[in-house]
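Examination of the molecular architecture
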Amino acid sequence: MSEFGYIPEAPEQSFGNNKGIFKPKDIYDLTRADKYTNYGQLELIETKTGSGVSAIDFTAIKETEYNVHLLTINDFNVTTDGQPTGIRLSNGSFISSGYQWANQTGRAGGSFAENRSTSSTYLEIGRLNGNTTNEKLNGYVYFYNLGDSSKYSFLTHQTTYTNEFSAEYMMSFGSGVRPTADTVSGIRLTSTSGNITVTSASLYGIKEYS
Amino acid sequence: MGLIQVATNTVSGTSTNAIDLVGTTTDDVYMVAITNASTTSDGQIRTRVLVSSSADTSSEYDQASKALIANASFGNDALTNQNHWRFMFTGNQSYETQSAIFYLYNFNSSSEYSFVTNEVAGWTNTPRLYGLQGGGVQTEAQSCNGIQFYASSGNLSDGSQFTLFKVVS
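Residue positions within a chain follow its written sequence, with the count starting from 1. Each chain takes a letter, starting from A, and each ligand takes a number, starting from 1, following the order in which they are written. Local features in this predicted model are restricted to residues whose pLDDT is 70 or higher, and side-chain atom pairs enter the listing and the counts only when it is 80 or higher, whereas totals over whole chains, interfaces and linings include all residues.

1. Points about the overall build of chain A
Let me state the cut-off plainly: Strands are runs of DSSP state E lasting at least two residues, helices are runs of H or I lasting at least four, and both sets are numbered from the N terminus onward. Our exposure labels follow a C-beta count within 10 Å of each residue's own C-beta, placed from the backbone: buried means 20 or more other C-beta atoms, exposed means 12 or fewer, and partly exposed covers the counts in between.
When helices and strands are counted, chain A shows one helix and 12 strands. In chain A, the order of α-helices and β-strands from amino to carboxyl end is α-β-β-β-β-β-β-β-β-β-β-β-β. Once the C-alpha set of chain A is aligned to its principal axes, its extents read approximately 65 × 35 × 30 Å. For chain A, buried positions account for 42% of its 210 residues.

Structure (structure tokens):
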């Protein structure tokens, strides 16, 4: 019997080359060892919550395993009216300079705006956030190249929310970059002033196989 | 939402002009993830649908996107009756790469147009952050079994990666 319990012991299992009859536990163990063929997955890395915290940090993002990460955000709220929703990246410590972003926002009242920066302390994915019960932001962010030390790190996002002005509906979509080539090992969800509350924030990796 | 990888292609070397991702053969929604994509000459990475694994070059591609630029006013990128979609504006330097997520709709249906949404973040040859978010349609009701990405000038750069997923529940 093999170390994973399948019968027969030979041949050795590897991704793209599985043989034999497997029990559920075999599949579980082989999957954890990255030896079970299952092409392409959206893999949950971690889910976090926070209430009245300065930031939610993901510090074990498995950047060497994924070219693309997905962050979903459920009910982001700020304690200080009017603050943005921001992302900071870590290359060992979280970085507070050198970000660029370009976002289109729109409000149900009819106001649309181009929001951009070439020298930001964060990557913006929402603005004019509110601090009352019904002023919440939801959305997603895709991150690219975080584990590639030779490339810039990019993101795209779309958020849908009710802003600080009596919970007026607002949306944002856009792109961002940290134009420095290094390995990013952490993602921080935060704001620029005050604390944040988030019902849940889930980080996924998109598994690709060559 | 889950993803099942259908096809992938990482460009090796500098002699590949186009890559095909084949496998949109069910009525599910499909997703393409693109990282580290660029071209050997300044230009564009363009996109076409595949019909029976061949690129459809007919002038039936329409698109509308918002161009999101970090150091300038945004633009509207709208085209009709082209023989391709253009969602990525490329440079040929090391850091001038494109990252993107596309969702593909109705590709397998022989009675529907094929639709795509695009969200792109790229570093262009200017250089500057240039994003493009919007969508497009190919206005022929036909079954498309995949999608092609090609360089408008020169070839795709070494390391450009394109992966097709089927979206499953």
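Further notes follow.
2. What about the interface of chain B and chain A?
Condition: Throughout, a residue-residue contact means that the two C-beta atoms, derived from backbone geometry, are no farther apart than 7 Å. For this scheme, ten residues count as nonpolar: Ala, Val, Leu, Ile, Met, Phe, Trp, Tyr, Cys and Pro. Four count as charged, namely Asp, Glu, Lys and Arg, and the remainder, Gly too, count as polar.
Tallying the contact residues gives 31 residues for chain B and 35 residues for chain A. Contributions of two or more residues to the side of chain B that touches chain A are made by strand S1 (2-10), strand S3 (30-37), strand S6 (61-69), strand S9 (98-105), strand S10 (114-123), strand S11 (129-138) and strand S13 (161-168) of chain B. Top contributing element to the side of chain B that touches chain A by residue count: S1(B), with six residues. Here the side of chain B that touches chain A is built from residues that sort into 15 nonpolar, 14 polar and two charged.

3. Re the environment of Thr105(A)
On the secondary structure map, Thr105(A) appears in strand S5 (residues 99-107). Placed 42 residues apart in sequence, Thr105(A) and Gly147(A) show a C-alpha to C-alpha distance of 29 Å.

4. Notes on the nonpolar core
This is how the line gets drawn: We define a nonpolar core as a collection of buried residues of the types Ala, Val, Leu, Ile, Met, Phe, Trp, Tyr and Cys that are connected via C-beta atoms lying within 7 Å of each other.
Residues Phe143(A) and Val32(B) are the most contacted members of the largest nonpolar core, which totals 83 residues. Once you skip the residues sitting within four places of it in the chain, Val32(B) turns out to touch Leu21(B), Phe102(B), Leu104(B), Ile147(B), Phe162(B), Thr163(B) and Leu164(B).

5. What to know about the sheet that holds S11(B)
Residue and element names in this part refer to chain B. Selection criterion: Two strands qualify as a pair provided that DSSP identifies no fewer than 2 bridges between them. A fitted line through C-alpha atoms serves as each axis, taken over the contacting stretch for helices, and the angle formed by two N-to-C directions is quoted from 0 to 180°.
As summarised here, the arrangement of the eight strands in space is S1-S13-S3-S9-S10-S11-S6-S7, forming an open sheet in which the pairing is antiparallel. The open sheet is flanked by S1 and strand S7 (75-82), the only strands paired with a single partner. With strand direction ignored, the average angle separating the axes of adjacent strands in the sheet is 15°. Bridge count between S6 and S7: six bridges; the pairing is antiparallel. Following the sheet pairing, Lys66 is matched in S7 by Asn76.

6. Points about the confidence of the model for chain B
In low-pLDDT regions, the fine details of the predicted coordinates are not to be read closely. Test applied: For every residue, the predictor reports its confidence as pLDDT, a number between 0 and 100.
Per-residue pLDDT for chain B has a mean of 97; in total, 100% of the residues score no lower than 70. Scored as a complex, the prediction yields pTM 0.92 and ipTM 0.95.

7. Some details on the pairing of S10(B)
Residues and elements named next belong to chain B. With eight of its 10 residues buried, S10 lies for the most part within the structure. Pairing analysis gives eight bridges linking S9 to S10, with the strands arranged antiparallel. Its bridge partner lying in S10, Ser99 is registered against Ala121. As defined by bridge partners, S10 adjoins S11 across 10 bridges and the pair is classed as antiparallel. Considered in S11, the bridge of Thr117 is made with Gly135. Where S10 hands over to S11, the hairpin turn is made up of five residues, counted between the paired strands.

8. Details of the sheet that holds strand S3 (residues 68-78) of chain A
Residues and elements named next belong to chain A. The eight strands lie next to each other as S1-S12-S3-S8-S9-S10-S5-S6, forming an open sheet whose pairing is antiparallel. Here the strands that pair on one side only, and so sit at the sheet edges, are strand S1 (41-53) and strand S6 (112-120). When the angles between neighbouring strand axes are averaged without regard to direction, this sheet yields 15°. Bridge analysis of S5 against S6 gives seven bridges, and the strand direction is antiparallel. Looking at S6, one finds that Gly106 is bridged to Phe112.

9. Quick word on unusual backbone geometry
The linkage connecting Thr126(B) with the following residue, Pro127(B), adopts the cis geometry, with an omega of -5°. With a phi close to 60°, Leu128(A) is a non-glycine residue in the positive phi region. Counting through the fold element by element, Leu128(A) comes out in strand S7 (residues 123-129). Of note in this structure, Ala167(A) is not a glycine but carries a positive phi near 60°. Relative to the elements of secondary structure, Ala167(A) occurs in the loop between strand S9 (153-162) and strand S10 (169-178). Look at Ala167(A) and you get partly exposed, because 16 C-beta atoms sit within 10 Å.

10. A look at the environment of Pro84(A)
Its location among the elements puts Pro84(A) in strand S4 (residues 83-90). Here the alpha-carbon distance between Pro84(A) and Ser191(A), two residues 107 residues apart in the chain, equals 5.6 Å.

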